[in-house]
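# Observations on chain architecture
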Amino acid sequence: MHFSFHPISEGFLTSCSFDYLSSTFDTRLFVGSIFTFSYVLPMSLIIYYYSQIVSHVVNHEKSLREQAKKMNVESLRSNQAKNDSSVEIRIAKAAITVCFLFVASWTPYAVLALIGAFGDKSLLTPGVTMFPACACKFVACLDPYVYAISHPRYRVELQKRLPWLAITETLPTETASTCTEQQDGNAAPQT
């Protein structure tokens, strides 16, 4: 079997993709394979592993609350304000957001390819076919910002530079390292 796929223009002729509009067996096999191995399989793995991360974080937070309750303390975390979320919770939120972004960006493209190969091609207007391409490109640009905004130091810097965003982030006080600052600015070893 010989596969010869030629790129076709998408939507408003600004980008190219594989030919999902031909009604040949090769095209249908290719679309079915790419749908399975480049969408369904990664989606399943992402959902499974990120749900495991979230599950472990929830269980960890629950065990910390139970232990704090047994010890008659508010929290086992030092220097944590009442409303601050833990690092683990922030990681879980970032994981859920990235998973949602993957679903939101690649699902329209997968549906579009399936309609082109197996469905009613009259549904695929230039505007309709352009939306999934733009969504994928937009999410690829957005992912790094999701990770950055979930980082506390980045949020503190945003708070300093853009106070109108009303970000209220405080960094926990760090433990003393091997040297301390004297008033004159020279570092001296800690004893």
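About the cut-offs
Residues numbered from 1 in each chain as written. Predicted model: local features only at pLDDT ≥ 70, side-chain atom pairs only at ≥ 80, totals over all residues. Heavy atoms only, no water. UniProt positions renumbered as here; feature names shortened; annotations may be inferred. Helix = DSSP H or I, 4+ residues; strand = E, 2+ residues; numbered from the N terminus. Buried < 20%, exposed > 50% of the residue type's maximum accessible area, 1.4 Å probe, protein only. Contact = heavy atoms within 4.5 Å. Areas by Shrake-Rupley, 256 points an atom, 1.4 Å probe, with all protein chains shown as cover. Salt bridge = Lys/Arg side-chain N within 4 Å of Asp/Glu carboxyl O. Phe/Tyr/Trp six-rings, centres within 6.5 Å; stacked < 30°, edge-to-face > 60°. Patch = residues over 30% accessible without salt bridge, like charges linked within 9 Å, V, L, I, M, F, W, Y side chains within 5 Å. Disulfide = S-S within 2.5 Å. pLDDT = per-residue confidence, 0-100. Expected span 1.5 Å × (residues − 1). Bend = angle between axes of the 7 residues up to and from the residue.

An unreviewed UniProt entry annotates the protein chain as G-protein coupled receptors family 1 profile domain-containing protein of Anopheles dirus. In its Subcellular location (unreviewed entry) section, the UniProt entry covering the protein chain states "Membrane". Regarding the protein chain, the UniProt comment filed under Sequence similarities (unreviewed entry) reads as follows: "Belongs to the G-protein coupled receptor 1 family."

## Description of the overall build of the protein chain
Broken down by element type, the protein chain carries four helices and four strands. Ordering the α and β elements of the protein chain from the N terminus gives β-β-α-α-α-α-β-β. Looking at the protein chain residue by residue over its 191 residues, the buried ones come to 24%. Contacts in the protein chain between residues at least 24 apart in sequence constitute 54% of all its contacts with a sequence separation of at least 6. Surface accessibility of the protein chain: about 13,400 Å² in total, with carbon and sulfur atoms responsible for 63%.

## Regarding the UniProt feature "transmembrane region" (unreviewed entry) in the protein chain
The sites that UniProt annotates as "transmembrane region" (unreviewed entry) are residues 29-50, 94-118 and 130-150. In this annotation, residues 29-50 is assigned 100% helix and 0% strand; the end-to-end C-alpha distance for the span is 30 Å.

## Focus: the pattern of salt bridges
When their charged atoms lie close together, side chains carrying opposite charge are able to pair. Going through the model one piece at a time under the given rule, you end up with two salt bridges. In this structure, the salt-bridge partner of Glu 157 is Lys 160, at a minimum N-O distance of 3.9 Å. Taken together, the positions of Glu 157 and Lys 160, both in helix α4 (residues 152-161) and three residues apart, correspond to about one turn of that helix. Glu 157 serves as the salt-bridge partner of Arg 161, at 2.8 Å between the closest nitrogen and oxygen. Of this pair, Arg 161 and Glu 157 both sit in helix α4, four residues apart, which is roughly one turn of the helix. Each of Glu 157, Lys 160 and Arg 161 takes part in one network of salt bridges that share partners.

## Some remarks on the packing of aromatic side chains
Under the criterion given, the structure shown has three aromatic pairs. Where Trp 106 meets Tyr 109, the ring centres are 5.8 Å apart and the plane angle is 65 degrees; that geometry is what we call edge-to-face. Here Trp 106 pairs with Tyr 109, and both are found in helix α2 (residues 87-118), just three residues apart, close to one helical turn. Take Tyr 109: its relative accessible area is 12%, and that puts it in the buried class.

## Regarding a nonpolar patch on the surface
Among the surface-exposed residues, Phe 37, Leu 41, Leu 45, Tyr 48 and Tyr 49 lie close enough to one another that they form a single nonpolar patch of about 560 Å² accessible area. Along the chain, the position of Tyr 49 falls in helix α1 (residues 25-70).

## Comments concerning the state of the cysteines
Tallying each qualifying case throughout the model produces zero disulfides. Cys 136 provides the cysteine sulfur closest to Cys 134, a residue in no disulfide bond, and the two sulfurs are 9.4 Å apart.

## Considering the confidence of the model for the protein chain
Parts of the model with low pLDDT should not have their predicted coordinates read in detail. On average, the protein chain scores 74 in pLDDT, and the residues at 70 or more come to 71%. Predicted confidence in the protein chain is weakest over strand β3 (residues 179-181), with a mean pLDDT of 42, and strongest over α1, with 86. Here residues 174-185 scores under 50 on pLDDT; set against residues more than four positions off or in separate chains, the count is 16 contacts. Of the regions scoring below 50 in pLDDT, residues 187-191 engages in 13 contacts with residues more than four places distant in sequence or in other chains.

## Some words on α1
If you check α1, its first and last C-alpha atoms are 65 Å apart, about what 46 residues at 1.5 Å a residue would give, namely 68 Å. At Thr 36, α1 shows its strongest bend, of approximately 30 degrees. In the segment just after α1, Asn 72 is the residue with positive phi, at about 55 degrees.

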